[in-house]
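Structure at a glance
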Amino acid sequence: MRASSAPQPDPAPLPRRRTVLAGAAVAAASASVLPAAGPAAAARRPARTQPHRWRTVAIGGTGFVTGVLFHPAVRGLSYARTDIGGAYRWDDRRSRWTALTDHLGWDDWNLLGVEAMAVDAAHPDRLYLALGTYAQEWAPPGAVLRSEDRGATWARTDLAVRLGANEDGRGCGERLLVDPRDSETLWLGTRHDGLLRSTDRGATWAADTSFPAVASATGQGVTVLVAVGRTVYAGWGDGGTALYRRGASGDWEAVPGQPSAGAATRVPVRAAYDAGSRALYVTYADGPGPNNQADGSVHRLDTVTGAWTDVTPVAPGDGDAFGYGGVAVGAARPGTVVVSTNNRWGAVDTLFRSTDGGSTWTSLKDTAVLDVSETPYLTWGGEPKFGWWIQAVAVDPYDARHLLYGTGATIFGTRDLVHWAPEIRGLEESAVRQLIAPPSGARLLSGLGDIGVMYHDSLASSPSRGMASDPVFGTATGLALATLKPSYVVRTGWPSGSDAAGAYSRDGGASWQPFAAQPAIAPSAPGPVAVSADGATLLWSFVHWDGTKYAAHRSTDGGATWAEVATFPKGGTPVADPLDPKRFYVYDTDTGAVFLSTDKGATFTAGASGLPSGDAQFRIAAAPGRSGDLWLTAKDDGLLRSTDGGRTFAPVAGCQASHALGFGKAAPAKGGPGYPAVFQTGRVSSTYDGVAVLRSDDAGATWVRINDDDHRWGWTGEVITGDPRVHGRVYLGTNGRGIQYADPK
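Right, let's walk through the structure included here. If you're wondering where the values come from, they're calculated on a predicted model, not measured in any experiment. Positions within a chain are numbered from 1, following the residues in the order the chain's sequence is written. Residues qualify for local features only when their pLDDT is at least 70, as the model is predicted, and side-chain atom pairs are given and counted only at 80 or more; totals for whole chains, interfaces and linings, by contrast, use all residues. Side-chain metrics rest on all non-hydrogen atoms present in the structure, leaving aside hydrogens and water.

Here's the deal with the sheet that holds strand 12 (residues 186-189)
The following threshold applies: Two strands form a pair only when DSSP identifies at least two bridges running between them. Secondary structure follows DSSP: runs of H or I at least 4 residues long count as helices, runs of E at least 2 residues long count as strands, and numbering of each begins at the N terminus.
What the 4 strands build is an open sheet, ordered 11-12-13-14; its pairing is antiparallel. Because the sheet does not close on itself, it has two edges, and the strands there are strand 11 (176-178) and strand 14 (206-207).

Put into structure tokens, the structure is as follows:
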């Protein structure tokens, strides 16, 4: 999701899930209609494909759910949006979410973040999505998708402005609205380009020059749009007047009497209208969130009299700083309103519920019984939390006791206001960093952004052990298995709750222990790790989050002691030979050279040089069951292979681009197993003229495309591997759509 082989820039290193960069100016707001499938959707020549059945490995959420929306006129119909993982529709019959944006491909990597969504109360099958993950000038512009069948198929309009679904303010909204007077008219609030308007159901867009607020290249812009009867209200997040409205005359005006309480009303985050009591509720904070909020409030507008009332449940203060986030009303019971706190790390965030229009409130967290048995990782190695980053709240319009709220990891739901459980089945948002399919034991081991390492004893249910603990990591940075002793596994990552940044397992990843010691740099710059084929030698590289590289270290006693390896290129990714315990390899992406060790990683000497350089995501993979058989993925510089232990490399003919590569069980062959199946995300124009998921059963001589135009998931250049036990099975890491896997049909 972070890279592109099309004309868009390819920043390196590419930003990860939680990255928020400084704002940048973008083009003036306008749009043109493009084909629904997008500019890079179809092959320009017949593709060589093999149909596969694609499924998602079950974990359950794992990322920030930024919006949840019940359809106001259809019982059981709801939608969810995420910051980097697309949008979903709830299947009430199957009690699971259905992904709606998996068709977005490689060149559309920036469209997997959903900035806003909207439904039409008068036309229940219509759905609109505003897409764009980053609003920075290096990112491609956003797009609007529009559907007449609840997201089963789409028409698309590319915008000339950028949206920021993975930037600060991503939990605000909704920023997209169907005009309550006219279903042909839509409104889209942008961050840096003011308010856009469409009069043809989203097919074309133009700036509403009558909107009075002045856009900023670094601001939040329009944070929320809400229909109040037949009037459109717009929240503004860049200071000054915070709330505007557009009446029957078509003129915008500042809402009279609106609250002005300094920081506590600086940014309108969310708004909800209770038609039964004709009251508008607005949540405010001193910043857009989800981070860096320390003040906030909740206010009610009586739209009949124009009177405002401060209905804040609890005022933030010293020692209890937070903002307010989500707000929703219960259409089935006028006067029912639910709001969420946000960024309340001390007392922990909660939902407040009122049935009398905000006169009195009850904290739902205080009586909540959480059941996370379906997604055990939510214990975080201890006890489950009610939530954090709660900016998405929804109340079922047909049942005021059916509530949903999004967190930084899941969607919790209740039907009785006491018992809560994740309603997350089918929604997978993890950013995948490492994958290992062991020859025995677990079906899969995964290293993930934000939630460490998982042991998948089943692909169809969330790992029963939850996150790997002792120690708990945030983002995993390394995961390696001793190929001749596969019960021995090591992992590295950003520490969470301790300073331990590395651990080992002697039972294939089922249980863990931290290394007895670690280099001093480890907690602040944990990088990738490798283990020799026999499990006797560890090599650990160190890279700070800002890209600063440090000397690698080596251990020959299971992590009890470590010594610096001066001849190892700083920041490189170590690779162990799968057969010879004495051999290690590393690719120096700064100089385009491979370095080799034949003494168990004690020293490294130069091998092949003059190879592609300048990109930290260039990497080496070692073919299983062979010594010195190396494959080098070099993005648009192609795919190269060495059969002499890295001393020389030759291009793999016909492969124009290679981004991630792995191996699986060889195809059945007479006379015994052949060469391992090779999987990659890359471009082989004779197979498919675009980046695709590919497999070769003849060591790269020919390739077949194994995904299709409905299964593309944006950027997929981080990790891929086959299964050593099942020929043809592939596991693919995405950046926001979890782990996808497939078997040939």
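Quick look at the side chain of Lys635
Put simply, the rule is: Pairing of N or O atoms within 3.5 Å defines a polar contact, subject to two protein rules: one partner must be a possible hydrogen donor and the other a possible acceptor, and residues neighboring in sequence count only if both atoms are side-chain atoms.
Examined against the element boundaries, Lys635 turns out to sit in the loop between strand 48 (630-633) and strand 49 (639-642). One polar contact links Lys635 to Asp615, side chain to side chain, over a distance of 2.9 Å.

Points about the sheet that holds strand 17 (residues 243-246)
Which entries qualify depends on this criterion: Whenever a helix is involved, its axis is fitted only over the stretch in contact; in every case the axis is a line through C-alpha atoms, and angles between N-to-C directions fall within 0 to 180 degrees.
With antiparallel pairing, the 4 strands of this open sheet are ordered in space as 15-16-17-18. The two strands at the open ends of the sheet, each matched to only one other strand, are strand 15 (222-228) and strand 18 (252-254). Between one strand axis and the next, the sheet turns by 25° as a mean value, whatever way the strands run. Where strand 17 meets strand 18, 3 bridges bridge the pair, whose relative direction is antiparallel. Opposite Tyr244, over in strand 18, you have Ala254 as the bridge partner.

Section: the pattern of salt bridges
We apply this condition: Salt bridge, as used here, is a side-chain nitrogen of Lys or Arg placed within 4 Å of a carboxyl oxygen of Asp or Glu. Throughout this description, buried means an accessible area under 20% of the type-specific maximum (1.4 Å probe, protein chains only), exposed means over 50%, and partly exposed covers the range between.
Scanning the model with the defined rule gives 28 salt bridges in all. In this structure, the salt-bridge partner of Arg245 is Glu253, at a minimum N-O distance of 2.7 Å. For Arg245, a relative accessible area of 23% puts it in the partly exposed group. Since its relative accessible area comes to 36%, Glu253 is described here as partly exposed. One salt bridge in this structure joins Asp689 and Arg683, with 3.6 Å as the shortest N-O distance. Each of Asp120, Arg126, Glu148, Glu184 and Arg201 takes part in one network of salt bridges that share partners.

Some remarks on the nonpolar core
Condition: Side-chain atoms within 4.5 Å are what join buried Ala, Val, Leu, Ile, Met, Phe, Trp, Tyr and Cys residues into a set we call a nonpolar core.
Leu351 and Ile739 are the most contacted members of the largest nonpolar core, which totals 36 residues. Within the second largest apolar cluster, 17 residues are counted, among which are Val74, Ala87, Leu104 and Val119.

Thoughts on the pairing of strand 37 (residues 502-505)
Both faces of strand 37 are covered, namely the face carrying Gly502 and Tyr504 and the face carrying Ala503 and Ser505. As paired elements, strand 36 (residues 489-495) and strand 37 share 4 bridges and run antiparallel to each other. Bridge assignment links Val490 to a residue of strand 37, and that residue is Tyr504. Remark: 6 residues form the turn of the hairpin made by strand 36 and strand 37, two consecutive strands paired antiparallel; Gly497 in that turn has positive phi of roughly 85°. With 2 bridges connecting them, strand 37 and strand 38 (residues 513-514) associate as antiparallel partners. The residue of strand 38 that forms the bridge with Ala503 is Pro514.

Brief notes about the pairing of strand 44 (residues 584-588)
The element strand 44 is largely enclosed, with a buried count of 5 among its 5 residues. Residues Phe584, Val586 and Asp588 point to one face of strand 44 and Tyr585 and Tyr587 to the other, with burial holding for every one of them. Here strand 43 (residues 574-576) runs beside strand 44; their pairing, made up of 3 bridges, is antiparallel. From the neighbouring strand, Ala576 faces strand 44, where its bridge partner is Phe584. Where strand 44 meets strand 45 (residues 593-597), 5 bridges bridge the pair, whose relative direction is antiparallel. Bridge pairing links Phe584 to Ser597 in strand 45.

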